[in-house]
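Observations on the three-dimensional arrangement
So you can see what is in the structure, the chains are spelled out below.
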Amino acid sequence: MKQAIVIFGSTGNLMFKKLIPALDRLLNQERLDPDARIYCVARRDWTFDDYVEHAKEEVDKQVDWTRLTARMTYIKLDIDCQNDYDQLQDTMAKDGIDDAMVYLAVPPQLFPAIAKGVSQAGIVTKGDEHARIVFEKPFGEDLASAKEINRDLWQYFDESQIYRIDHYLGKEMIQNILIVRFANKIFEDSWNHDTIEDVYIIAKEEEGVMTRGGYYDEIGALKDMLQSHLLQMASLVAMEKPDTYSSEDIKNEKVKVFQDIKIRPKDVILGQYDGYLDAVKVAADSTTETFVFAEASINNDRWKGVPFYFLTGKKLDEKRSEIIVNFKNDNGARSLWPDTYKPKNQLIIKVAPDDGVKFQFNVKEPGLSDNIVPAELDYCHSCHSLENTPEAYEKLLLDLINKNRTLFTRWDEIESTWRIVEQLKEKLDKPHTYSSYAQMKQLISTRFGEDFDDL
Ligand code: BG6
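Basis of the calculations
- Going along each chain's sequence as written, the residues are numbered from 1 onward.
- Whole-chain, interface and lining totals are the exception, using all residues; otherwise, since this is a predicted model, local features are given only for residues with pLDDT of at least 70 and side-chain atom pairs are given and counted only at 80 or more.
- Side-chain measures here rest on the full set of heavy atoms in the structure, leaving out hydrogens and waters.
- Only Phe, Tyr and Trp rings take part, Trp by its six-membered ring, and two of them pair if their centres are within 6.5 Å. Stacked means planes under 30 degrees apart, edge-to-face means over 60, and tilted covers everything else.
- Runs of E in the DSSP output that reach at least two residues are strands. Runs of H or I that reach at least four are helices, and both are numbered from the N terminus.
- Between buried and exposed lies partly exposed: a residue is buried under 20% and exposed over 50% of the maximum accessible area for its type, with that area taken using a 1.4 Å probe on protein chains only.
- Think of a patch as exposed residues, more than 30% relative accessible area, with no salt bridge, where like charges cluster within 9 Å and nonpolar side chains (Val, Leu, Ile, Met, Phe, Trp, Tyr) cluster within 5 Å.
- Only the protein chains shown count as cover for residues, and the accessible areas themselves come from Shrake-Rupley with a 1.4 Å probe.
- In the sections that follow, a salt bridge refers to a side-chain nitrogen of Lys or Arg positioned within 4 Å of a carboxyl oxygen of Asp or Glu.
- All tallies of charge rest on Lys and Arg as positive and Asp and Glu as negative; His and the ends of each chain are not included.
- Every charge is mapped to an atom, namely NZ of Lys, CZ of Arg, CG of Asp or CD of Glu.
- Disulfides are defined in this document as cysteine sulfur pairs within 2.5 Å.
- If a single non-hydrogen atom of a residue is within 4 Å of a molecule or strand, that residue counts as near it.
- Polar contact criterion, stated in full: a pair of N or O atoms within 3.5 Å, where within protein one must be able to donate a hydrogen and the other to accept it, and residues adjacent in sequence count only if both atoms are side-chain atoms.
- Residue classes follow a fixed rule: Ala, Val, Leu, Ile, Met, Phe, Trp, Tyr, Cys and Pro count as nonpolar, while Asp, Glu, Lys and Arg count as charged, and any other residue, Gly among them, counts as polar.
- What we call a nonpolar core is a set of buried Ala, Val, Leu, Ile, Met, Phe, Trp, Tyr and Cys residues that are connected through their side-chain atoms within 4.5 Å.
- Contacts are assigned to residue pairs that have any heavy atoms within 4.5 Å of one another.
- Pairing between strands is defined by DSSP: at least two bridges between them are needed.
- Angles run from 0 to 180 degrees between N-to-C directions of axes, and those axes are lines fitted to C-alpha atoms, restricted for helices to the stretch in contact.

Topic: the packing of aromatic side chains
For any pair of aromatic rings, the description rests on two quantities: the centre-to-centre distance and the angle between the ring planes. This structure, assessed with the given rule, holds 25 aromatic pairs. For the ring pair F187 and F359, a centre distance of 5.8 Å and an interplane angle of 70° mean the geometry is edge-to-face. Note that F187 is positioned in helix α8 (residues 185–188) and F359 in strand β13 (residues 356–364), a separation of 172 residues in sequence. The pair formed by F187 and F359 is uniform in burial state, with each residue classed as buried.

Regarding a negative patch on the surface
Residues D45, D49, D50, E53, E57 and E58 make up a contiguous surface patch of negative charge. Turning to its location among the elements, E53 is positioned in helix α2 (residues 48–58).

So, the state of the cysteines
Here the structure, examined in full by the defined rule, presents one disulfide. Put simply, C380 and C383 are joined by a disulfide, and their sulfur atoms are 2.0 Å apart. Handedness here is read from the sign of the S-S torsion; for C380 and C383, about 80°, the answer is right-handed. For C380, a relative accessible area of 25% corresponds to the partly exposed category. C40 forms no disulfide, and the closest cysteine sulfur to it belongs to C81, at a distance of 20 Å.

What to know about the site of the ligand
Surrounding the ligand, one finds K18, K137, H167, Y168, K171, E205, R212, D224, M225, H229, K314 and K319. Here an oxygen atom of the ligand and a side-chain polar atom of H167 are 2.8 Å apart. Measuring from an oxygen atom of the ligand, one finds a side-chain N or O atom of K319 at 2.7 Å. When the ligand sits alone it has 400 Å² of accessible area, and the protein chains cover 86% of it. A total of three residues in the shell around the ligand trace back to one element, the largest contributor, which is helix α9 (residues 213–238). Among the residues making up the shell around the ligand, the classes are represented as two nonpolar, two polar and eight charged.

Considering the nonpolar core
Ranked by internal contacts, the top residues of the largest apolar core, which has 149 residues, are F8, I20, F293, F308 and F310. In terms of residue count, the dominant contributor to this core is α9 (14 residues). Those residues within four positions of F8 in sequence are excluded, and the remaining contacts are V41, L77, Y85, L88, V102, Y103, L104, A105, V106, I114 and V118.

Description of the pattern of salt bridges
Side-chain pairs of opposite charge can arise whenever the charged atoms involved come near each other. For the structure on display, the rule yields 28 salt bridges. The closest approach of N and O atoms between R25 and E394, which form a salt bridge, is 2.5 Å. Taken as a pair, R25 in helix α1 (residues 13–28) and E394 in helix α11 (residues 392–401) lie far apart in primary sequence, 369 residues in all. Judged by its relative accessible area of 21%, R25 falls in the partly exposed class.

Observations concerning the side chain of T417
By secondary structure assignment, the location of T417 is in helix α12 (residues 411–422). Polar contacts involving the side chain of T417 include one to the main-chain carbonyl oxygen of E413, which spans 2.8 Å. In this structure T417 touches Q227, L231 and F258, once residues within four positions along its chain are discounted.

Brief notes about unusual backbone geometry
Here K137 and P138 are connected by a cis peptide whose omega angle stands at -5°. Relative to the elements of secondary structure, P138 occurs in the loop between β5 (131–135) and α6 (143–156). The omega angle of the peptide bond from A352 to P353 is -5°, so this bond is cis rather than trans. Note on placement: P353 falls in the loop between β12 (346–352) and β13. Its identity is not glycine, yet M210 carries a phi of approximately 50°, on the positive side.

A look at the sheet that holds strand β4 (residues 99–104)
Pairing is parallel in the open sheet, where six strands are placed in the order β3-β2-β1-β4-β5-β6. Because the sheet does not close on itself, it has two edges, and the strands there are β3 (72–76) and β6 (162–164). In this sheet, adjacent strand axes meet at a mean angle of 20° when their direction is disregarded. Both β5 and β6 contribute to a ladder of three bridges, which runs parallel. Of the residues in β6, the one forming a bridge with V134 is Y163. Strands β1 (3–8), β2 (37–42), β3 and β4 of the sheet are contacted by helix α4 (residues 82–94), whose axis makes an angle of about 155° with β1.

The structure is reproduced here in structure tokens:
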């Protein structure tokens, strides 16, 4: 079979920052078919050389351009012109392609037109097991538009041909959450409201929106990060043990968590970084949020009374994605050391930029005193890998090639996460402008009456 990856949105940020480096790594490891083709589709009237020249300026990772460009073709396509899709199909047929993956790295409003075009041109035909179509998040702009897109897609493709990406699921430590939980009795036995105080799900970024203002201003942090990445992380932390480790059983349990999650509008704080309004393609009076803090509850027996705190934002003090599980400290031992016992057990699942697991526990201070001090067990995941640990998009592209659907989201996951965000719609206060993370943190502490030291 001759493989092709057809990427719509090939002049966009995602292509240059994530997909090209991931494809280069896959080529380097000889994971792509020896004569696989990469069709870079976009609307600009460029020659192949123009495209490559532009790509070289935009890609900031080291890639082997000679090897990569030997596989690439640039295709100019107007997404509303059926003839352009037919020509793309002719080109692919001439190249002898019979295993096609169509990747939509474009905003959700463009999904229906492209789905129709590739379907009518026969690039992805309903029921053809060798053709599949991939959608980037966000899937829709709200629940209604997501449903509409989905209805359209089911008209053109079988569910088994549809892959919905949430790239956080491709990250090594996200795939590790269930192992850390269920393969360690010590954690699983205490993974509930009796023992756990609260959980933080954090994805902080230092960068602003850069050149993505056009997309971002329509979406905002709630839909860009919380509806997808943060809720996905929370579901893996909170779900019940699946019947088997199969993709479907895991997804069934995740969906139950999504159905039980509630966020009250009054427990959400939004922010917008100072300078956002000057970003390219951002409306001068935009009220789009670039920061979200939210307290959620999960209304089931396991998590009764345990707050889940979500925090994400751009232009913050650091790039850090992690999950923090704080254990309760009312274990009765305080009476043994009334003066020095400051118990804190904490499990941190580090997702990025470091990846690993850190566990904090208490020991006697070295020396003659009986003071109790915290100690850490710190596991670095990538340090134990013989090769480079795979980047999220590399893993997901490979799964796509191998038709492995485990790390892609199912429709009911998307539907139920939209419902969570939907409950907040139009009930939130306008974002606070922040020029430093400290300002937002102060605001959160004042509102919730807690210090939130770990944030
Ligand atoms: C994307 C969002 O899905 O995730 C971006 O659209 C965000 O706005 C990015 O910057 C963060 O991903 P990562 O892998 O860099 O944490």
